[in-house]
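Descriptive structure summary
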Amino acid sequence: MSHIQPEFCTPPLSPAQEFPTEDQENATMCTLGNAEMLNRTAWGTPGTAAYDFRSDSVTTPNAAMLQSIIHTSLLDDETMEDPVTNSFQDWMAKLTGHEDSLLVVSGTMGNQVALRTALTSPPYGILCDQRSHIVRMEAGGAATLCGALIHGISPANDHHLTLDDVKKYITLQESVYDCPTRVISLENTLSGTILPLEDVRAISKFARSLKPPVHMHLDGARLWEAVSAGAGGLQEYTRCFDSVSLCFTKGLGAPLGSIIVGSAAFIQRARVMRKILGGGLRQAGVIAAPARVAVEQNFLCGRLHGARKTAKRISNLWVELGGKLEHPTETNMIWLDLEAAGVTGDSLADMAEKAGIKTFRGRLRGRLVVHYQICDEAVESLARLFSDILKGPRAEVKHGKGAE
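Here's what I pulled together on the structure shown here. Quantities reported herein were computed from a predicted structural model and do not represent experimental measurements.

Okay, the nonpolar core next. The biggest cluster of nonpolar side chains holds 52 residues, and the ones touching the most others in it are M92, W224, F248 and V295. If you tally residues by element for this core, the top one is helix α13 (residues 285-300), at 8 residues. Beyond its immediate chain neighbours, meaning those up to four positions away, W224 contacts M92, L234, L246, C247, F248, K250, L252, V295, F299 and L304. In terms of nonpolar packing, the next biggest core, distinct from the first, is built from 26 residues, I334, L368, A383 and L390 among them.

Shown next as structure tokens:
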């Protein structure tokens, strides 16, 4: 069951046409409508993103986003005078059930500004999943910028943190030997898997019952995916936290930007922390305008459903051919067990490149991410690659609404 209310749905864009030369574009400028002109630029087609499984942040911003930039306001956000940015921040706060929000340039900045805002008087510790983005993918930011002790733990169920995990590892005592836990930081989705709403509510209730309460932060860069999968409503999740970071580039297709939501007092302090970290924005409307298009078109209008179904179809193909998975495919990520298949991440990437598609090398090897711009031809190429790797019969790719 979907928890998305498509109240701002925008119809899909028309198919892209071939790129015109500069002379052709100038010659037709006076006769073509503005929307058609935009579709003739790089913004009018997914381009190589249609064949790129490395991440859902590789999407190409679309013509509607460029149109929004053309028509945005261009006043100063540091002085809080830009109407498009202010309107967008108010809208995001309302959408998530919080008092206020703050636009930042990236998901990492969103997490680090939120953590720096929440941690006010050392010593302090952050309790989180040891696989989380703030531990493994943000260059030790919480240690460098906050001086915080990060206590990364492994969930007992090998899937997600529960209240039992939190109670077992949280530091509540405050003797001269201790570093008390001041923030519980959760992530949803994490490696494409969903943190169930009931566990979030249980941890939140516990954290807020403590004296003093422990700040609840959510790295919700891909929370859109969990909501799209029917795990819970957006506000059902976000109201469990004192601060939430949401990303507009991962899955939603915006060119850049993330947002922090929280109380008015929290966001007021976060604005100072953003400035200290060099994140003060001037003409922020060029970020806010396409970010709103991304949320409206690709989240509220349900475009994430197709990517999730495609990911499940790809996952099933791999398993049917005898492959194993490192994690269950619950949203838009597939984690191939390459070791069991007898292939390395680099060799997979080399084979994928020859097949005309892209996969990750290095630390994220074996991870495939599906986004809304992935085309059927890319999935068919991936299916043939799976067959070659697993030495099975050629995989048959099913298309259409009924294909799961």
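A word on the layout of surface pockets. Taken as a whole, the largest pocket holds about 720 Å³ of empty space. For the largest pocket, the lining is made up of 32 residues, of which R131, H133, M137, L364 and R367 are closest to its centre. Looking at the lining of the largest pocket, the elements that each hand over two or more residues are α5 (107-118), α6 (133-136), β8 (325-327) and β9 (333-336). Top contributing element to the lining of the largest pocket by residue count: α5, with 3 residues.

This paragraph deals with the packing of aromatic side chains. Counting across every chain of the model gives 5 aromatic pairs. Following the ring pairs from residue to residue traces out a cluster consisting of F88, W91, W224, F248 and F299.

Here the focus is the pairing of strand β7 (residues 258-262). Across the 5 residues of β7, 5 count as buried, placing the element largely inside the fold. Side chains of β7 alternate between two faces, with S258, I260 and G262 and I259 and V261 buried alike.

The subject of this paragraph is empty space enclosed by the protein. Under the defined criterion, the tally for this structure stands at 1 cavity of 30 Å³ or more. Approximately 90 Å³ is the volume attributed to the largest cavity. For the lining of the largest cavity, the element with the most residues is strand β4 (residues 181-187), which contributes 3 residues. Looking at the lining of the largest cavity residue by residue, the class counts come to 5 nonpolar, 4 polar and 3 charged.

The subject of this paragraph is the sheet that holds β7. With mixed pairing, 7 strands are arranged side by side in an open sheet as β1-β7-β6-β5-β4-β2-β3. The outermost strands of the open sheet, each flanked by one partner alone, are β1 (100-104) and β3 (149-153). Each neighbouring strand pair of the sheet contributes to a mean axis angle of 20°, computed without reference to strand direction. Judged from the 5 bridges that link them, strand β2 (residues 125-129) and β3 form a sheet pairing that is parallel. In the sheet register, I126 faces β3, and the bridge partner there is I150. Along the sheet, helix α4 (residues 83-96) makes contact with β1, β6 (243-247) and β7, crossing β1 at roughly 125°.

The 3 strands lie next to each other as β8-β9-β10, forming an open sheet whose pairing is antiparallel. Sheet topology places β8 and β10 (367-369) at the edges, where each strand pairs with a single neighbour. Neighbouring strand axes in the sheet, compared pairwise and without regard to direction, differ in orientation by 35° on average. In the packing of helix α14 (residues 304-320) onto the sheet, the strands contacted are β8, β9 and β10, and the crossing angle to β9 comes to about 20°.

Let us look at unusual backbone geometry. Most of the time, phi is negative for any residue but glycine, and the peptide bond is trans. The residue after P122, namely P123, is reached through a cis peptide bond having omega 5°. On the secondary structure map, P123 appears in the loop between α5 and β2. With an omega of 0°, the peptide bond between N188 and T189 qualifies as cis. Inspection of the secondary structure assignment puts T189 in the loop between β4 and α9 (197-209). In this model, S191 sits at a positive phi of 55°, which is unusual for a non-glycine residue. Inspection of the secondary structure puts S191 in the loop between β4 and α9.

Rules used throughout
- Residues numbered from 1 in each chain as written.
- Predicted model: local features only at pLDDT ≥ 70, side-chain atom pairs only at ≥ 80, totals over all residues.
- Heavy atoms only, no water.
- Core = buried A, V, L, I, M, F, W, Y, C linked by side-chain atoms within 4.5 Å.
- Buried < 20%, exposed > 50% of the residue type's maximum accessible area, 1.4 Å probe, protein only.
- Helix = DSSP H or I, 4+ residues; strand = E, 2+ residues; numbered from the N terminus.
- Contact = heavy atoms within 4.5 Å.
- 1 Å grid on protein atoms, 1.4 Å probe; cavity = no way out; pocket = protein on both sides within 12 Å on 5 of 7 lines; lining within 4 Å.
- Points joined across faces, edges and corners; volume = space filled by probe spheres on them.
- Phe/Tyr/Trp six-rings, centres within 6.5 Å; stacked < 30°, edge-to-face > 60°.
- Nonpolar A, V, L, I, M, F, W, Y, C, P; charged D, E, K, R; others polar.
- Pairing = 2+ DSSP bridges.
- Axes fitted to C-alpha atoms, helices over the stretch in contact; angles between N-to-C directions.

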